[in-house]
Amino acid sequence: NRQRKKKTPSPMSGVRQRGGRAAAAPADVASSQPRAQDERVPSLGNVYHFTFKHQFSPKNNMMCGLTLYPWLQILYRRLWDIEWRVYWFRVLFLTAMALFNSILGWIEFILHRKQIASTDINLRPVFVLGSQRTGTTHLHNLLAHDTHQFIYPTMFQVGFPASFLCMNRFKKLLSGFVDKQRPMDNMALSFEVPMEDEIATNIFSGGRTPYMPIIFMKQWREYEQYFTMEDCSEQDRNTWTASFLYFLKKVTLQWARIKNTDPRHSQRPGSRLLLKSPVHTARIRFLLQLFPNAQFVYIHRHPYPVFRSMVNMADTTYWYMYLNRPTDAEAMDFIVTQFNILFKEYITARDLVPKGNLCEVSFDALERDPIATLGHIYKTLGWDTFEQTLPDYRSYCSSLRGYRKNDFDSLSPEQKLFVQHHFREYFEAFGYDTDPVH
């Protein structure tokens, strides 16, 4: 087996180092240096136990749309990191899918390469930012109803990025690979719902994104460089950028075709890309280089339900994708460190966004009064389509009245201490109480 240097940085790390010095934290956020560990705070491996499951399931795997060349790149780099005795079936399944997708991908490339190359991307995309489980999906789904402004990547497009132009009319044949509800929160799933663009970029780039820890959690630190895209090699950065922009071209082209062929979308004048991937939260600097006029909506939420929801997602969803089994400490290290990276990078970079191009909202406000919160977003960002979209927003909000969020058990006192210790700066930055009434 290949020997690797073991990295053991603190879970509270996450502010990048520049020229040997830690990046300075803004005045409204406490020092990024971790406090001494309180003896009462559980260790990473003792705060939650993750249960092995879904060993032979082909469902809900974000790598289903992989093509052969990126898959072979991943296998070459990670051959000895795979638990072959445990996940041999998953490797065979992904290999078969890679062959299938490659054939369709080549057909699509031959038929549509000129159209894709000539497609222009709207240079004022909107990015929904926020850590996992803070309400980014809910906000993304809401804003996607503004057909006067937006287009967005769908689940089918991100799941099968190499062939969705050709396979769109046959996508029902692939619906068996996805459950009808999300494993972690029972939200409805279909190939039509808005979805995270980073899934497609991960596939096209051969795994050069922070989504790969969901496949190789034991080696997750080796993917930390891709959060900001400023710490990785120039070659990897260029590969990611080319993959990202190529996918956005294809999404734009597909929506243009849908408008011309589907009566349900024939009156959709919007062409601005509405994008949501939580890892974008750490990339404001980089995204502004690509799109100087981009706009951002950041959503935050109380850390207690966020933490409980994050560990639930890891324990229900990640098991569909692992190619090796992490320890409880390794999975928790990823959860905690990723959260702090996204938060701290956002805090240090948000002032770089031009005035009028960033809006911050809380999940509590969005849940309590979604229409008023959406109105605040529109006013802050200078959008003028709120009144036109209001009936659609009200209709969608009414459709959610029967939806029940996960009813988790309350955090134990030890788990609350853990969250308070590791998410302390997030509590302080957004004014959350460590002992909330609700």
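Undergrad: Break down the overall build of the protein for me, with residues and values.
TA: Counting secondary structure elements, the protein contains 15 helices and seven strands. Residues counted as buried form 57% of the 438 residues belonging to the protein. Pairs at least 24 apart in sequence give 83% of the contacts found in the protein among residues at least 6 apart. Counting only carbon and sulfur atoms, one obtains 54% of the accessible surface of the protein, whose full area is about 19,800 Å².

Undergrad: Tell me about a nonpolar patch on the surface, and name the residues and values.
TA: There is a patch of nonpolar side chains on the surface, built from F56, L79, W80, W84, W88 and L92 and spanning about 650 Å² of accessible area. Mapped onto the elements, W88 comes out in helix 2 (residues 84-118).

Undergrad: Give a detailed account of the packing of aromatic side chains, specifying residues and quantitative values.
TA: One pass over the full model with this rule turns up 38 aromatic pairs. The interplanar angle of 65 degrees and the centroid separation of 6.5 Å between the aromatic rings of Y318 and F334 together place this pair among those described as edge-to-face. Here Y318 is found in the loop between helix 9 (303-316) and helix 10 (328-349), whereas its partner F334 is found in helix 10, with 16 residues between them in sequence. The two residues Y318 and F334 agree in class, both being buried. The rings of Y298, F307, F339, F343, Y346, F418, F423, Y426, F430 and Y432 are connected pair by pair, giving a single aromatic cluster. Cation over ring: R78 sits above F216, and NZ or CZ is 5.9 Å from the ring centre. Above the plane of the ring of F52 lies R325, whose end atom (NZ or CZ) is 5.4 Å from the centre.

Undergrad: Report on unusual backbone geometry, specifying residues and quantitative values.
TA: A positive phi angle, close to 55 degrees, is found at N60, a residue other than glycine. Assignment of secondary structure puts N60 in the loop between strand 2 (21-22) and helix 1 (68-78). Look at N60 and you get buried, because its relative accessible area is 12%. Phi is positive for R133, close to 70 degrees, though the residue is something other than glycine. Along the polypeptide, R133 turns up in the loop between strand 3 (126-129) and helix 3 (136-143).

Undergrad: How would you sum up helix 1? Please name residues and give values.
TA: Buried residues of helix 1: P70, W71, Q73, I74, L75 and R78, and no others. Where helix 1 is buried, its residues touch helix 2 and helix 6 (197-204).

Undergrad: I'd like a rundown of the environment of Y152, residues and numbers included.
TA: For Y152, the location among the structural elements is in the loop between strand 4 (150-151) and helix 4 (155-159). Judged by relative accessible area, which is 9%, Y152 ranks as buried. C-alpha separation for the pair Y152 and P194, spaced 42 residues apart in sequence, amounts to 6.2 Å.

Undergrad: Please set out the pattern of salt bridges residue by residue, giving values where relevant.
TA: As enumerated under the stated definition, the model contains 15 salt bridges in all. Between K276 and E196 there is a salt bridge, with the nearest N and O atoms lying 2.9 Å from each other. In this pair, K276 sits in strand 5 (residues 272-276) while E196 sits in the loop between helix 5 (164-167) and helix 6, placing the two residues 80 residues apart along the sequence. Looking at K276, the relative accessible area reads 3%, which means it is buried.

Undergrad: An account of helix 10 is needed here, citing residue identities and associated values.
TA: For helix 10, spanning 22 residues, the distance from its first C-alpha to its last is 32 Å, which sits close to the expected 32 Å at 1.5 Å a residue. Most of helix 10 is tucked away, with 19 of its 22 residues classed as buried.

Undergrad: Describe the confidence of the model for the protein, naming the residues involved and giving the relevant values.
TA: For the protein, mean pLDDT is 89; residues scoring 70 or higher make up 87% of the total. In the model, residues 1-34 has pLDDT below 50 throughout and makes 68 contacts with residues more than four positions away in sequence or in other chains.

Undergrad: Please set out the sheet that holds strand 3 residue by residue, giving values where relevant.
TA: Strands sit in the order 4-5-3-6-7 across an open sheet of five strands; the sheet is parallel. On the outer flanks of this sheet lie strand 4 and strand 7 (358-362), each paired with one strand and no other. Bridge analysis of strand 6 (residues 295-300) against strand 7 gives five bridges, and the strand direction is parallel. By the bridge assignment, F296 is partnered in strand 7 with L358. Contacting strand 3, strand 4, strand 5, strand 6 and strand 7, helix 3 crosses the sheet at an angle of about 165 degrees to strand 5. Docked against the sheet, helix 12 (residues 370-381) engages strand 6 and strand 7, running at close to 165 degrees with respect to strand 7.

Undergrad: Describe in detail the packing of helix 12 against helix 13 (residues 386-399), supporting the description with residues and values.
TA: At their nearest, the axes of helix 12 and helix 13 sit 11 Å apart, and the two run at 150 degrees to each other. It follows from the interaxial angle that helix 12 and helix 13 lie roughly antiparallel. Considering only the axes of helix 12 and helix 13, their crossing is right-handed. Mapping the contact onto sequence places P370, I371, L374, G375 and Y378 in helix 12 and F386, T389, L390, Y393, R394 and C397 in helix 13. By residue class, the composition of the contact of helix 12 with helix 13 is eight nonpolar, two polar and one charged.

About the thresholds
Residues numbered from 1 in each chain as written. Predicted model: local features only at pLDDT ≥ 70, side-chain atom pairs only at ≥ 80, totals over all residues. Heavy atoms only, no water. Helix = DSSP H or I, 4+ residues; strand = E, 2+ residues; numbered from the N terminus. Buried < 20%, exposed > 50% of the residue type's maximum accessible area, 1.4 Å probe, protein only. Contact = heavy atoms within 4.5 Å. Areas by Shrake-Rupley, 256 points an atom, 1.4 Å probe, with all protein chains shown as cover. Patch = residues over 30% accessible without salt bridge, like charges linked within 9 Å, V, L, I, M, F, W, Y side chains within 5 Å. Salt bridge = Lys/Arg side-chain N within 4 Å of Asp/Glu carboxyl O. Phe/Tyr/Trp six-rings, centres within 6.5 Å; stacked < 30°, edge-to-face > 60°. Lys NZ or Arg CZ within 6 Å of the ring centre and 35° of its normal. Expected span 1.5 Å × (residues − 1). pLDDT = per-residue confidence, 0-100. Pairing = 2+ DSSP bridges. Axes fitted to C-alpha atoms, helices over the stretch in contact; angles between N-to-C directions. Parallel < 35°, antiparallel > 145°, perpendicular 65-115°, else oblique. Left-handed = near helix turned anticlockwise from the far one by under 90°. Nonpolar A, V, L, I, M, F, W, Y, C, P; charged D, E, K, R; others polar.

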